Amino acid sequence: MEGHQDMLPSSWLLTFLLLMLMALTGSVTVVPWKPCTDLHPVDLLSRVLPRNGEALSGVRMVQEGGARGIQFFRPTQTLTFPSSQLFVNCPHFPAEFSIVATVKMPHTRVKRNEYLLAVVKEDVNQLLLGLRFSKEKVHLIYQGSTGKERLSFKRVRLADNHWHSIVLAVSGHHATLTLDCGIPLELIHKQPFPSDLSTGGSRFHIGSRRKWKGLFSGLLRQLVLLPGSDATSRVCPSSTPSLVELSVPTFLSNLPVISHMNDVLVPPYETEVRVTLGSKPACTAAEQGQLWFDTLKRGLFLCDGAYWHSMLQDKDRLDYVDDHQDLYTSSETLDIELFQIPSVGLFAAMAHRATKPGSGIYRWSHGHFQLYQNISTFKAQAWKQFTIGRKMFLAVSNSMGRAEGEPELSVVYRWSNKRLKFVPYQTLETHSARDWEAFEINNEAFLAVANHRTENGNHNIDSVVYKWNPGTKMFEVNQTILTSGAYDWEFFTVGPYHFLAVANAFDGTSTQTDSSIYIWLGGAFQVFQTIRTFGATDWEMFQIGNRVFLAVANGHMLCEKGPSLYTINSTIYELDMTTKMFLKFQDIVTYSAVDWEFFTVGDEHFLVVANSYDGSSYSLNSVIYRWQGYEGFVPVHRLPTIGCSDWEFFTSAEGSYLMYSSAKAPLSKVFKLRIH
């Protein structure tokens, strides 16, 4: 019969009935289907950031446009995690998913291709999936069944220096991109997204695709993976469509209130605050903003949603900065050198511009500086104090000769215990010398001079490293180093290695020149790294924990053509132990900066910058910045200065102080730090 072809074979039907019977009687165990990962939002950003807000190498927190985000400086292993942490049930990327991201991309920094997210198979360095941005495009790249596939959304304008939230949803042949809860863009692809994209042996990389090339240059506030569904309906519509929140790390979502009086970050206060007494309670999202008073340790703590943070503690903290002393000098002052002479006291050597009566040595007495000794100098630029054995020396850099046509001679003075004064010890020929740096390597004493230019205006000249000869008890030339308008030397040691950094200010045509960091090898300094600087005037090395930083003060930007710019970035670099290089950590806007000074109060770390000129005025605020971990250095105090040329921090029996010198007025000031 013709209809017989449509009937099921009796053997198949018997088998089917038997299986149904076994299922009903419990003889067959039915295993429920499980996705490779839980169908809940996965906060990818929180997985690579410490929950307590501690600093993490390679990133810092930045607050811009009313919101906080993370800025990436380099790809590091700490910004990755294995895919197996997410896909616990099977090693496959979900066939249906959405990604929610909130970003801020400056239009001046956008490179051709930047990766916000990448899943990379480690052993063969194969990109399995990546979310890539360019100036007006968003690309989803993934490994398909026949090779690499790409979904490209065009005319997506993200690089405009504003915050934007995007939701990328993928399901089968379809993909949509929703920008700021607007009308979604839709793509239909020939091949569906693979249901068997293996993630075995792969890692998630946040902010890069494992390489320097493609590092995300903007700010990232939120990065969430939602397996199994489209997240658009979860976050849209929204009253703040550019800052929608599906899952934002706690320390990024808690935005502080800014006091415009002093740029100090102040935690938000709530109208209802409960204070819990007794033993340590839980700190969860429910307790966020609440206080706990520890009755045993007598401490007050604030819950941030995850951890209790101390509000009252015995450690010193910088509160205010008060005027303490107006120190009137015989001339404008370009540099201050503070030092102690045992059994005598604290001194400040001040490099005065005028040749008569020269420069002054001031002694701290009864909480104020008083003139102690005048020393004949000739347009003095800087002082440097050092000791060799039991002898104390003080070197001054003179930038002109005693008379027209005579060579420039800088002088090393020795402290006389008999006369209780500094007396001339050795003269060294220099060329418009700007700085001295004294240091020791393997118990041998060295003295480096920064020669700025020759009498005929040549800035590309040799600066000199002198070495102390124990036999003759004099400094002798050990090495010459070609410099370009050298302004400053900074010596520092990291582990067994010794470094010497030069701030090159001008090469004869432009202030955009390379400053160099040298490393001591084989009895001499050799180039370790060059860094592009802009009229560099100062290097300041400092350490926070086991992290090593180097801050450059950029004076101004001058090219052969075009106007001079004085409002420019000065930069803090951090020594990366993986690449063995100093990498950019933070830019800070300064105004013809000429000095950085690092200091510590209690457990807090600070940088103060000497702002000298903004292109129209020398009366400017110099700024104290406080170390804030993720945020880097943030401004906390502004101090009025006039042509500020140098900052020095010191402590005495009376307290802690900051002192600045003026290159435009015969007045230096001492500020007292009010500490509580």
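Since we're looking at a predicted model, the values are computed, not measured. Residue numbers restart at each chain and count upward from 1, following the sequence in its written direction. Predicted model: local features are reported for residues with pLDDT of at least 70 only, side-chain atom pairs are reported and counted for 80 or more only, and whole-chain, interface and lining totals are derived from all residues. Hydrogens are left out, water is left out, and the side-chain values use all remaining heavy atoms of the structure.

A closer look at the pairing of strand β45 (residues 633-642)
Test applied: Two strands qualify as a pair provided that DSSP identifies no fewer than 2 bridges between them. Think of it this way: any DSSP run of H or I at least four residues long counts as a helix, any run of E at least two long counts as a strand, and we number them from the N terminus.
Sheet topology note: the strand β44 (residues 619-627)/β45 ladder contains 9 bridges and is antiparallel. In the sheet register, isoleucine 624 faces β45, and the bridge partner there is histidine 637. Taking the residues that link successive antiparallel strands as the turn, the β44-β45 hairpin has 5 residues, and the phi of glycine 629 there is positive, at about 70°.

A closer look at the sheet that holds strand β38 (residues 536-544)
The test is simple: For every element, the axis is a line fit to its C-alpha atoms; helices are fit only across the contacting stretch, and the angle between N-to-C directions ranges from 0 to 180 degrees.
An order of β38-β39-β40-β41 is seen for the 4 strands of this open sheet, with the pairing classed as antiparallel. If you trace the sheet from one side to the other, it starts and ends with β38 and β41 (581-591), each paired once. When the angles between neighbouring strand axes are averaged without regard to direction, this sheet yields 20°.

Structural notes on the sheet that holds strand β32 (residues 460-469)
Across the sheet, which stays open at both edges, the 4 strands sit in the order β30-β31-β32-β33 with antiparallel pairing between neighbours. Strand pairing shows two members of the sheet lacking a second neighbour, β30 (433-441) and β33 (474-484), which therefore form its edges. Taken over all neighbouring pairs, the strand axes of this sheet differ in orientation by 20° on average, direction set aside. Judged from the 8 bridges that link them, β30 and strand β31 (residues 444-451) form a sheet pairing that is antiparallel. The residue of β31 that forms the bridge with isoleucine 441 is glutamate 444.

Things to note about the side chain of serine 516
The test is simple: Only protein chains enter the accessibility calculation, which uses a 1.4 Å probe; a residue is then buried when its area is under 20% of its type maximum, exposed when over 50%, and partly exposed in between. Here, two residues are considered to be in contact whenever any of their heavy atoms come within 4.5 Å of each other.
With respect to the helices and strands, serine 516 occurs in strand β36 (residues 512-521). Judged by relative accessible area, which is 8%, serine 516 ranks as buried. The contact partners of serine 516, leaving out residues within four places of it in the chain, are Leu500, Ala501, Val502, Asn504, Gln529 and Thr530.

Some words on the pattern of salt bridges
What counts is decided by this rule: Any carboxyl oxygen of Asp or Glu that lies within 4 Å of a side-chain nitrogen of Lys or Arg is treated as forming a salt bridge with it.
Counting across every chain of the model gives 14 salt bridges. A salt bridge links lysine 384 to glutamate 437, with the shortest nitrogen-to-oxygen separation between them at 3.5 Å. Of the two residues, lysine 384 is situated in strand β26 (residues 380-388) and glutamate 437 in strand β30; the sequence distance between them amounts to 53 residues. Residues joined in a network through salt bridges with shared partners are Arg74, Arg547, Glu574 and Asp576.

Some thoughts on the packing of aromatic side chains
Worth spelling out the cut-off: Only Phe, Tyr and Trp rings are paired, with Trp represented by its six-membered ring, and only when their centres lie within 6.5 Å; those with planes under 30 degrees apart are stacked, over 60 edge-to-face, the remainder tilted. Charge-over-ring contacts are defined here by two conditions on Lys NZ or Arg CZ: a distance within 6 Å of the ring centre and an angle within 35 degrees of the ring normal.
Enumeration according to the criterion identifies 53 aromatic pairs in this entry. Note on phenylalanine 439 and phenylalanine 525: the rings are 5.9 Å apart at their centroids and 80° apart in plane angle, and the pair reads as edge-to-face. Here phenylalanine 439 is found in strand β30, whereas its partner phenylalanine 525 is found in strand β37 (residues 524-534), with 86 residues between them in sequence. Phenylalanine 525 matches phenylalanine 439 in its accessibility class, with the two residues each being buried. Members of the aromatic cluster, joined through ring pairs, are Phe73, Phe542, Phe549, Phe585, Phe598, Trp627 and Phe633. The positively charged end of arginine 209 is found above the aromatic ring belonging to tyrosine 115, 6.0 Å away from the centroid. Just above the ring of tyrosine 487 sits the side chain of arginine 434; from NZ or CZ to the centre is 5.4 Å.

Overview of the environment of glutamate 136
Structurally, the position occupied by glutamate 136 is in the loop between β7 (126-133) and β8 (137-144). Since its relative accessible area comes to 35%, glutamate 136 is described here as partly exposed. Spatially, the C-alpha atoms of glutamate 136 and arginine 155 are 5.0 Å apart, while their sequence positions differ by 19 residues. Excluding anything up to four places from it in sequence, glutamate 136 contacts Phe153, Lys154, Arg155, Val156 and Arg157.

A look at the environment of glutamine 512
Tracing the backbone shows glutamine 512 in strand β36. By relative accessible area, which is 24% here, glutamine 512 ends up partly exposed. It is 5.8 Å that separates the C-alpha atoms of glutamine 512 and threonine 533, two residues lying 21 residues apart in sequence. Apart from residues lying up to four places away in sequence, glutamine 512 is in contact with Asp507, Arg532, Thr533, Phe534, Met557, Leu558 and Cys559.

Describing the environment of phenylalanine 475
With respect to the helices and strands, phenylalanine 475 occurs in strand β33. For phenylalanine 475 and valine 412, which are 63 residues apart along the polypeptide, the C-alpha to C-alpha distance reads 9.6 Å.

Observations regarding a positive patch on the surface
This is how it is decided: Each patch is assembled from residues with relative accessible area greater than 30% and no salt bridge, linking like charges that lie within 9 Å and nonpolar side chains (Val, Leu, Ile, Met, Phe, Trp, Tyr) that lie within 5 Å. Values of accessible area rely on a 1.4 Å probe in the Shrake-Rupley scheme; residue burial ignores everything except the protein chains shown. A residue counts as positive if it is Lys or Arg and as negative if it is Asp or Glu; His and the chain ends are not included. All charge positions are set by atom: Lys at NZ, Arg at CZ, Asp at CG, Glu at CD.
Where like charges cluster on the molecular surface, the positive patch consists of Lys137, Arg150, Lys154 and Arg155. Along the polypeptide, lysine 154 turns up in strand β9 (residues 147-154). Owing to a relative accessible area of 51%, lysine 154 belongs among the exposed residues under this scheme.

Looking at the pairing of strand β39 (residues 547-554)
Look at any regular strand and the pattern is simple: side chains alternate between the two faces of the sheet. Across the 8 residues of β39, 8 count as buried, placing the element largely inside the fold. Residues Arg547, Phe549, Ala551 and Ala553 of β39 are buried on one face, and the alternating residues Val548, Leu550, Val552 and Asn554, pointing to the opposite face, are buried as well. Relative to β39, β38 is paired through 8 bridges, and the arrangement is antiparallel. The partner of isoleucine 544 across the bridge, within β39, is arginine 547. As consecutive antiparallel partners, β38 and β39 are separated by 2 residues, and within that stretch glycine 545 has a phi angle of approximately 65°, a positive value. As defined by bridge partners, β39 adjoins strand β40 (residues 567-576) across 4 bridges and the pair is classed as antiparallel. Across the sheet, residue alanine 551 finds its bridge partner in β40, namely isoleucine 572.

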